[in-house]
Amino acid sequence: MPRPAGNTRLKAARLAAGHNSQQALADAITETASTLGIRGLAVGVRQVRRWESSTPPWPQPDVHRVLTHLLGQSMEDLGFTPPWGSARPQPGRTTGRTVRTSQPGARLTPVPLEGIPAKQPATVGRDFGAVTRAHRHLYWSVAPAVLHPSVLEHTRLGCALLPETANPARQVVAAALAESYLLAGRIEFFDLRQPERASETLLRALQAAGEADDPLLGAAILAHMAFVPGWAGDREAALERMTAARTYARRGTASAEFRAWLDAVEAECETRCGDPHTALRLIHHAEDTLSAGAEHAGPEWMDWFGPARLSAFKGNTQLKAGHLPQARQTLHDVLDRLPPESAKQATVVLGDLAAVEASDGRPEEACRYAIRALDQLALIWYAAGMDRVREVRRTLAPWQNEPCVRDLDDRLYDWGTTVSALQR
């Protein structure tokens, strides 16, 4: 499979910012220039096309300013080489060497372009990928604050290996690197509640997926990027990323499970943006997709979704839509079907069950489920699960003097839970 031609870094940054076409970026540059007080600056799609070519010209100073403001990265990280030479050599463009950091104090290593000459053996992709797979399996049992630094160190190794590796092993390394960045971004968003940091990490994942020319990985990363604005209530930005994710999925051999997951992600974003009825339609479509099946198997790395987890999405959506009896039944079924390794998801489901009971005016039952969720969180931390418990506690304010709610408070704010929540 040939590598994609052109400036994949700028393409990845454009998509990550929600500009699904070159014309959209051109329009955004022109509009942003006006906002920044730069008069008379107009960029056309032809210019963007040149920037996304394999030899992108260095933009004029005003355009330089707008691009970095709009996309949130330096020009070199966007794939441009200054005509006067770079103080920071571009990995792979001339020497094939990797630079450890893009700027003083930078946390993430830029994804290198292809370098010469190749130094690594053909087995490097298999060996690097083995560690990526191990991290993926460890995610379900290792505390996120413990696993996250190891995953990031692994991405630094991958960035060092890329310019020293020739195809086809290079594409294997790049794909595994994209998976590692995706895992790091998932931990940052779902486990550590650091959405801005997750956005940056997922952008690196998208760049690596572009180097691997893996459209399904690209689709998965873009869908995860949709969670960030979706959970913040920015429906337009979330749907732009979902449109890009579905476009990439069509380019690959997406399984029924993968397409159903895209529906579930969009449903969650719609729910968070206040439209649970549209979300329910998406969930029903996902159920039909799973029932129909498909000829393609799902990717090995997609271990976060299945029929039980689709039902968990459904239960939460029914809850937000006010369909309490249906939500209660759906969520009970999910608890019975979740595999043992889904302890993190179980905390979310228990939190949703607590919310169902609180909404139904049953504080004792709500507290019982919330305490069960806290029991699970004591074993393995998951910020999304704790968010559910805290949300339930807020809805229990009318019963705050009841013994069951006081018992919940004693547990929610005991020494261990309080310290764990603050340090993670």
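Since the structure is predicted, the reported quantities are computational estimates derived from the model, not experimental observations. (Residues numbered from 1 in each chain as written. Predicted model: local features only at pLDDT ≥ 70, side-chain atom pairs only at ≥ 80, totals over all residues. Heavy atoms only, no water.)

Another aspect to go through is the packing of helix α9 (residues 215-231) against helix α11 (residues 256-272). α11 packs onto α9 with a crossing angle of 10 degrees between their chain directions and a minimal axis gap of 9 Å. If you check the angle between α9 and α11, you find them roughly parallel. In the crossing of α9 with α11, the sense of the turn from one axis to the other is left-handed. Counted together, Leu216, Ala219, Ala220, Ala223, His224, Ala226, Phe227, Gly230 and Trp231 of α9 and Phe258, Trp261, Leu262, Val265, Glu268, Cys269 and Arg272 of α11 form the full contact between these two elements. (Axes fitted to C-alpha atoms, helices over the stretch in contact; angles between N-to-C directions. Helix = DSSP H or I, 4+ residues; strand = E, 2+ residues; numbered from the N terminus. Parallel < 35°, antiparallel > 145°, perpendicular 65-115°, else oblique. Left-handed = near helix turned anticlockwise from the far one by under 90°. Contact = heavy atoms within 4.5 Å.)

In this section: the confidence of the model for the chain. Chain-level statistics for the chain give a pLDDT mean of 87 and a share of 88% at 70 or above. The secondary structure element of the chain with the lowest average pLDDT is helix α19 (residues 415-423), at 58, and the one with the highest is helix α5 (residues 124-138), at 97. Taken together, the stretch residues 85-106 has pLDDT below 50 and engages in 44 contacts with residues farther than four places along the chain or on a different chain. (pLDDT = per-residue confidence, 0-100.)

Quick look at the pattern of salt bridges now. All told, the structure shown has 24 salt bridges when counted by the stated rule. With a closest N to O distance of 2.8 Å, glutamate 266 and arginine 246 form a salt bridge. Taken as a pair, glutamate 266 in helix α11 and arginine 246 in helix α10 (residues 235-251) lie far apart in primary sequence, 20 residues in all. For glutamate 266, a relative accessible area of 14% translates into the label buried. Since its relative accessible area comes to 23%, arginine 246 is described here as partly exposed. For the salt bridge of aspartate 360 with arginine 328, the shortest nitrogen-to-oxygen distance reads 2.9 Å. Of this pair, aspartate 360 sits in the loop between α15 (343-359) and α16 (363-379) while arginine 328 sits in helix α14 (residues 324-337), and the two are 32 residues apart along the sequence. (Salt bridge = Lys/Arg side-chain N within 4 Å of Asp/Glu carboxyl O. Buried < 20%, exposed > 50% of the residue type's maximum accessible area, 1.4 Å probe, protein only.)

Counted according to the given criterion, the structure contains zero disulfides. Left without a disulfide partner, cysteine 269 is nearest to the cysteine sulfur of cysteine 273, which lies 6.5 Å away. Classification of cysteine 269 by relative accessible area gives buried; the value is 2%. (Disulfide = S-S within 2.5 Å.)

A few words now on the side chain of glutamine 318. Tracing the sequence through the fold places glutamine 318 in helix α13 (residues 307-320). Exposure remark for glutamine 318: the relative accessible area of 8% places this residue in the buried category.

One pass over the structure, following the stated rule, counts 14 aromatic pairs. Considering the side-chain rings of phenylalanine 189 and phenylalanine 190, the 5.0 Å spacing of their centres and the 85 degrees angle between planes classify their relative orientation as edge-to-face. Like phenylalanine 189, the residue phenylalanine 190 is buried in the burial classification. Residues phenylalanine 190 and phenylalanine 227 carry aromatic rings whose centres are separated by 5.2 Å and whose planes lie at 80 degrees to one another, so their mutual orientation is edge-to-face. Taken as a pair, phenylalanine 190 in helix α7 (residues 169-191) and phenylalanine 227 in helix α9 lie far apart in primary sequence, 37 residues in all. (Phe/Tyr/Trp six-rings, centres within 6.5 Å; stacked < 30°, edge-to-face > 60°.)

Now for helix α18 (residues 403-412). Cys404, Val405, Leu408, Asp409 and Leu412 are the residues of α18 that are buried. One side of α18 carries all its buried residues, which in axial view fall inside an arc of 140 degrees. Of the exposed residues in α18, those oriented more than 90 degrees away from the buried face are Pro403 and Asp410. (Arc of directions from axis to C-beta.)

Another point: unusual backbone geometry. Backbone torsion omega between asparagine 167 and proline 168 reads 5 degrees, so that peptide bond is classified as cis. Note on placement: proline 168 falls in the loop between α6 (144-161) and α7. Unlike most non-glycine residues, arginine 193 shows phi in positive territory, near 55 degrees. Of note, arginine 193 is situated in the loop between α7 and α8 (195-212). Even without glycine at this site, aspartate 213 takes up a positive phi of about 55 degrees. Tracing the backbone shows aspartate 213 in the loop between α8 and α9.

Counting residues in each nonpolar core, the largest one holds 129 residues, and the members touching the most others are Trp51, Ile221, Phe258, Trp261, Trp304 and Phe305. Dropping the residues within four chain positions of it, isoleucine 221 is found in contact with Ala178, Leu182, Leu202, Ala205, Leu206 and Ala209. (Core = buried A, V, L, I, M, F, W, Y, C linked by side-chain atoms within 4.5 Å.)

Within the secondary structure, phenylalanine 80 is located in the loop between α4 (61-71) and α5. Residues phenylalanine 80 and threonine 55 lie 25 residues apart in sequence; the distance between their C-alpha atoms is 8.4 Å.

Over its 17 residues, helix α12 (residues 276-292) extends 24 Å from the first C-alpha to the last, a length consistent with the 24 Å expected when each residue adds 1.5 Å. Listed in full, the buried residues belonging to α12 are Pro276, Thr278, Ala279, Leu280, Leu282, Ile283, Ala286 and Thr289. If you follow the buried residues of α12, they end up packed against α10, α11 and α13. Note on α12: the residue one or two positions beyond its end, glycine 293, has a positive phi of about 75 degrees. (Expected span 1.5 Å × (residues − 1).)

Axis separation between α5 and α6 bottoms out at 11 Å; the angle between their running directions is 165 degrees. With respect to their mutual orientation, α5 and α6 come out roughly antiparallel. In this structure, the crossing between α5 and α6 has a hand that is left-handed. Of the residues in α6, those in contact with Val124, Phe128, Val131, Thr132, His135 and Leu138 of α5 are Leu147, Ser150, Val151, His154, Leu157, Gly158 and Leu161. Here the residues of the contact of α5 with α6 sort into eight nonpolar, five polar and no charged. (Nonpolar A, V, L, I, M, F, W, Y, C, P; charged D, E, K, R; others polar.)

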